[in-house]
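# Report on the structure
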Amino acid sequence: MASLIDVAPPESHRPEHGFEVEYLTCNMADVVFTSGRFAAQTFARAAAPLQGAPVDIWWLFRVRAGEARFETVDRRIHAGPGAMFLISLDDDFRGSITNYDGLVLALPRRSFTGVADQLNDACNILLSGNLVELLTDYLDRLETRLILMSPEELRQAGRATAQMIAACIQLSSDRLEQARGAIESVLFERARLYIETHLGDFDLTPDRIAQQLRISRSALYRAFESVGGVAGYILRKRLRAAHAELVASTDRQVQEIAYRHGFKLASDFTRAFRREFGVSPREMRERARRRSTAG
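Small disclaimer: the values here were computed from a predicted structure and weren't measured. (Residues numbered from 1 in each chain as written. Predicted model: local features only at pLDDT ≥ 70, side-chain atom pairs only at ≥ 80, totals over all residues. Heavy atoms only, no water.)

## Details of the pairing of strand S5 (residues 57-65)
- For S5 and strand S10 (residues 100-108), the ladder comprises eight bridges, and the chain directions are antiparallel. The residue bridging tryptophan 59 from the neighbouring strand is alanine 106, located in S10. (Pairing = 2+ DSSP bridges. Helix = DSSP H or I, 4+ residues; strand = E, 2+ residues; numbered from the N terminus.)

Below is the structure:
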């Protein structure tokens, strides 16, 4: 970092306390992914980084803990936990961080030539919106997978990550199309986790899910298109959970099991169960009892 920025501890820092930094860096070809914890510090862009040559790199910050303050000629930002922002290493800047935990992605200009102007416009402001939230989820999940990937998988993930960043930070229609698969994958995972948590709620509908995740219904429907739709997915998950309980708890009433898994009427549960498994809930339970007795 010394060739790019000048770093110093805060004025109150005592040398005997040390300076703790713990981080992981991964070169993914199209982006460089860094995550970790950094002790409080002040910083400023080096007066003549790399002997005055253009740096041609953006840094994308995703703050998990701590605070960051950046100041350029025309903008100031104060970023707290949950914030995401972009800075250009070609700009003069200075700032400080408290004890910081989060992500920093280096974005080389060669990976973003088609959207360089838009990324420059997005520098030094706090990024927000549904797509930025999707990008946050994507980056957090990517971090957990990095150490499991092969070199070729890292290169492929780097290309996909560059497309995702370009699509989510600026809304160019062609870039959105390139990254649609990645966006829908993250959206599907967010919705899946919400469904799993609220599977027994009677009012678990596509409208409610879209509202809670702050996304459009059309985006939600697209994410679940490959699995037969969001309503069908919820129904199958409920039926399979009810099936497991029927087999495991042969003394619990069928109506109680139906109610626990989001079915208001036992008759609706029975019809749906028969369509899915070819037998009624009571017939399925009887089979389970016979197998248990035989065993």
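## Some remarks on the sheet that holds strand S7 (residues 76-79)
- One open sheet accounts for five strands, arranged S1-S4-S9-S6-S7; its pairing is antiparallel. Sheet topology places strand S1 (5-8) and S7 at the edges, where each strand pairs with a single neighbour. For this sheet, the mean angle separating the axes of adjacent strands, direction not counted, is 15°.
- Here four bridges tie strand S6 (residues 68-71) to strand S9 (residues 94-97), and the two strands are oriented antiparallel to one another. Bridged to alanine 68 within S9 is isoleucine 97. (Axes fitted to C-alpha atoms, helices over the stretch in contact; angles between N-to-C directions.)

## Overview of a nonpolar patch on the surface
- Where nonpolar side chains cluster on the molecular surface, the patch consists of Val7, Phe19, Val21 and Tyr23 and spans about 360 Å² of accessible area.
- In this structure, phenylalanine 19 sits in the loop between S1 and strand S2 (21-27).
- By relative accessible area, phenylalanine 19 is classed as partly exposed at 37%. (Patch = residues over 30% accessible without salt bridge, like charges linked within 9 Å, V, L, I, M, F, W, Y side chains within 5 Å. Areas by Shrake-Rupley, 256 points an atom, 1.4 Å probe, with all protein chains shown as cover. Salt bridge = Lys/Arg side-chain N within 4 Å of Asp/Glu carboxyl O. Buried < 20%, exposed > 50% of the residue type's maximum accessible area, 1.4 Å probe, protein only.)

## Digging into the nonpolar core
- Within the largest apolar cluster, 51 residues are counted, with the highest numbers of intra-cluster contacts made by Leu60, Phe112, Leu135 and Ile209.
- Top contributing element to this core by residue count: helix H3 (residues 151-169), with eight residues.
- Residues contacting phenylalanine 112, with those up to four places away along its chain left out, are Asp30, Val31, Trp58, Leu107, Leu119, Ala162, Ile165 and Ala166.
- Ranked by size, the runner-up nonpolar core spans 21 residues in total, among them Phe61, Phe93, Val104 and Ala106. (Core = buried A, V, L, I, M, F, W, Y, C linked by side-chain atoms within 4.5 Å. Contact = heavy atoms within 4.5 Å.)

## Examining the packing of aromatic side chains
- Evaluation of the coordinates by the stated rule reveals 18 aromatic pairs.
- Between the aromatic rings of tryptophan 58 and phenylalanine 112, the centroid separation amounts to 6.2 Å while the plane-to-plane angle is 85°, which identifies the pairing as edge-to-face. Of the two residues, tryptophan 58 sits in strand S5 while phenylalanine 112 sits in the loop between S10 and helix H1 (116-121), which places them 54 residues apart along the sequence.
- Put simply, the rings of Tyr23, Phe38, Phe43, Trp59, Phe61, Phe70, Phe85, Phe93 and Tyr100 pair up and form one aromatic cluster. (Phe/Tyr/Trp six-rings, centres within 6.5 Å; stacked < 30°, edge-to-face > 60°.)

## Quick notes on the packing of helix H2 (residues 130-145) against H3
- Direction vectors running N to C along H2 and H3 enclose 160°, while the axes themselves pass 9 Å from each other. One finds that H2 runs roughly antiparallel with respect to H3. Our pair here, H2 against H3, has a crossing hand that is left-handed. Where H2 approaches H3, its residues Leu131, Val132, Leu134, Leu135, Tyr138, Leu139 and Leu142 are matched on the opposing element by Ala157, Ala160, Thr161, Met164, Ile165, Ala167, Cys168 and Ile169.
- Taken together, the residues that form the contact of H2 with H3 break down as 14 nonpolar, one polar and no charged. (Parallel < 35°, antiparallel > 145°, perpendicular 65-115°, else oblique. Left-handed = near helix turned anticlockwise from the far one by under 90°. Nonpolar A, V, L, I, M, F, W, Y, C, P; charged D, E, K, R; others polar.)

## Side note on unusual backbone geometry
- Backbone geometry at alanine 29 places phi at a positive 75°, although glycine is not the residue there.
- The backbone of asparagine 124 shows a phi angle near 60°, a positive value even though the residue is not glycine.
- Relative to the helices and strands, asparagine 124 resides in the loop between H1 and H2.
- Take asparagine 124: its relative accessible area is 8%, and that puts it in the buried class.

## Topic: H3
- The end-to-end C-alpha distance of H3, which contains 19 residues, comes to 27 Å, matching closely the 27 Å that a straight helix rising 1.5 Å per residue would cover.
- Within H3, the full set of buried residues consists of Leu154, Ala157, Gly158, Thr161, Ala162, Met164, Ile165, Ala166, Ala167, Cys168 and Ile169. (Expected span 1.5 Å × (residues − 1).)

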